[in-house]
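Spelled out from the first residue to the last, the chains are:
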Amino acid sequence: TQLLEQSPQFLSIQEGENLTVYCNSSSVFSSLQWYRQEPGEGPVLLVTVVTGGEVKKLKRLTFQFGDARKDSSLHITAAQPGDTGLYLCAANAGNMLTFGGGTRLMVKP
Amino acid sequence: GAGVSQSPSNKVTEKGKDVELRCDPISGHTALYWYRQSLGQGLEFLIYFQGNSAPDKSGLPSDRFSAERTGGSVSTLTIQRTQQEDSAVYLCASRIATGRVNTEAFFGQGTRLTVV
């Protein structure tokens with residue numbers, strides 16, 4: 001059982017659709033990060049959320065940290081082919097950085 | 001360079017051979033992580049170095065895997081007697097660890113290891 005469970009594992013949608021992916025845990029975290037990984041590259045940080053209930057927006061991406069700091073969601077509005085990639089959530093526990101299994105998103109033109 | 005550098009980018013080796021993977025972290029980053037990523041999967045934690053502290057080796061899958069970090073900078077991940085199930089992308093990341101827990105981790109492009 002992974003510390004961080006991401007869902008769905010795979011998502012294939014048409015350009016212009018909205019989507020939400022989830023990152024859940026039974027543990028409480030001081031902060032949580034979302035990364036995106038493109039083929040052949042390492043993951044790149046999108047956002048860090050720290051406060052329970054916090055909402056951060058990055059253009060068409062909206063990130064939310066659960067009130068209890070156990071879960072997070074990523075919502076993408078009007079998805080574009082450039083959003084295609086592997087989305088990973090990661091939890092900080094002290095200096096340890098643990099990743100979820102990822103959501104692989106494909107946006108078709 | 002300014003980023004995390006990993007070498008080689010690709011490595012094909014015969015089953016039973018030893019391999020060494022290298023990671024050059026960003027200068028000044030005290031925390032260094034190794035992860036393994038199988039095709040299409042998430043990141044599996046292997047080992048973590050923080051400054052001069054003893055490394056956290058809790059993620060190493062077997063005693064065939066070892067890693068060291070010399071001088072608090074360059075790190076080498078060694079896999080002895082490679083097996084086909086070791087085939088994966090091995091990613092290295094570094095970050096500033098100042099006691100603030102939410103600093104960004106910077107990743108290298110990884111080493112793709114194929115054991116034939």
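Our subject is the structure listed above.
This is a predicted model, so every value here is computed, not measured.

(A) Spotlight on the overall build of chain A. Helices and strands together make up the secondary structure of chain A, namely zero helices and eleven strands. In chain A, the order of α-helices and β-strands from amino to carboxyl end is β-β-β-β-β-β-β-β-β-β-β. Taken against the 2.2 N^0.38 rule, which gives 13 Å for 109 residues, the C-alpha radius of gyration of chain A at 13 Å falls within 12% of a compact globule. Taken along its principal axes, the extent of the C-alpha atoms in chain A is 40 × 30 × 20 Å. Out of the 109 residues belonging to chain A, those deemed buried represent 43%. Nonlocal contacts in chain A, meaning residues at least 24 apart in sequence, comprise 52% of its contacts between residues at least 6 apart. For chain A, the exposed surface amounts to about 5100 Å²; the carbon and sulfur share of it is 51%.

(B) Here's a closer look at the overall build of chain B. Helix and strand content of chain B: zero helices and ten strands. Starting at the N terminus and walking to the C terminus, you meet the elements of chain B as β-β-β-β-β-β-β-β-β-β. Computed over the C-alpha atoms, the radius of gyration of chain B is 14 Å, within 12% of the 13 Å expected from 2.2 N^0.38 for a compact globule of 116 residues. Dimensions of chain B along its principal axes, counting C-alpha atoms only, are 40 × 25 × 25 Å.

(C) Inspection of the pairing of strand E11 (residues 103-108) of chain A at higher detail. Residues and elements named next belong to chain A. By the alternation rule, side chains of E11 split into Thr103, Leu105 and Val107, which are all buried, and Arg104, Met106 and Lys108, of which none is buried. As paired strands, strand E2 (residues 10-14) and E11 are joined by five bridges and run parallel to one another. Counterpart to Ser12 in the pairing with E11 is Met106.

(D) Focus on the state of the cysteines. Residues and elements named next belong to chain A. Under the definition given, this model contains two disulfides over all chains. A disulfide bridge connects Cys23 with Cys89, and the sulfur atoms are separated by 2.0 Å. Judged by the sign of its S-S torsion, about 75 degrees, the cystine formed by Cys23 and Cys89 is right-handed. Of this pair, Cys23 sits in strand E3 (residues 19-24) while Cys89 sits in strand E9 (residues 85-93), and the two are 66 residues apart along the sequence. Judged by relative accessible area, which is 0%, Cys23 ranks as buried.

(E) Spotlight on the sheet that holds strand E7 (residues 75-79) of chain B. All names here are of chain B. Strands sit in the order E1-E3-E7-E6 across an open sheet of four strands; the sheet is antiparallel. The open sheet has two edge strands with one neighbour each: strand E1 (5-7) and strand E6 (65-69). In this sheet, adjacent strand axes meet at a mean angle of 15 degrees when their direction is disregarded. The pairing of E1 with strand E3 (residues 19-24) spans three bridges and is antiparallel. When the sheet's bridge partners are listed, Ser7 is paired in E3 with Arg22.

(F) Inspection of the sheet that holds strand E7 (residues 61-65) of chain A at higher detail. All names here are of chain A. Strand order in this open sheet of five strands is E1-E3-E8-E7-E6, and the pairing throughout is antiparallel. Lying at the two open borders of the sheet, with one neighbouring strand each, are strand E1 (5-7) and strand E6 (55-58). The average angle at which neighbouring strand axes cross in this sheet is 15 degrees, direction not considered.

(G) A look at the pattern of salt bridges. Residues and elements named next belong to chain B. Taken as a whole and judged by the stated rule, the model has six salt bridges over all chains. For Arg22, the salt bridge identified is with Asp24, shortest N-O distance 2.9 Å. Between Asp86 and Arg64 there is a salt bridge, with the nearest N and O atoms lying 2.8 Å from each other. Pair noted here: Asp86 is in the loop between E7 and strand E8 (88-95) and Arg64 is in the loop between strand E5 (44-50) and E6, with a separation of 22 residues, a long-range link. The pair Asp86 / Arg64 is uniform in exposure class, with both members buried.

(H) Quick look at the interface of chain A and chain B. Tallying the contact residues gives 23 residues for chain A and 22 residues for chain B. Regarding the contact of chain A and chain B, the summed buried area is about 1800 Å², with carbon and sulfur atoms giving 52% of it. Put simply, chain A and chain B have six residue pairs in polar contact (both at pLDDT 80 or more) between them. Sorting the residues of the side of chain A that touches chain B by element identifies strand E4 (31-37), strand E5 (44-49), E9 and strand E10 (96-99) of chain A as the ones contributing at least two each.

The rules behind each value
Residues numbered from 1 in each chain as written. Chains lettered and ligands numbered in written order. Predicted model: local features only at pLDDT ≥ 70, side-chain atom pairs only at ≥ 80, totals over all residues. Heavy atoms only, no water. Helix = DSSP H or I, 4+ residues; strand = E, 2+ residues; numbered from the N terminus. Rg over C-alpha atoms; globule rule 2.2 N^0.38 Å. Buried < 20%, exposed > 50% of the residue type's maximum accessible area, 1.4 Å probe, protein only. Contact = heavy atoms within 4.5 Å. Areas by Shrake-Rupley, 256 points an atom, 1.4 Å probe, with all protein chains shown as cover. Pairing = 2+ DSSP bridges. Disulfide = S-S within 2.5 Å. Axes fitted to C-alpha atoms, helices over the stretch in contact; angles between N-to-C directions. Salt bridge = Lys/Arg side-chain N within 4 Å of Asp/Glu carboxyl O. Buried area = accessible area lost by both parts, 1.4 Å probe. Polar contact = N/O pair within 3.5 Å; in protein donor to acceptor, adjacent residues only side chain to side chain.

Purely geometric stuff here, so don't read any function into it on its own.
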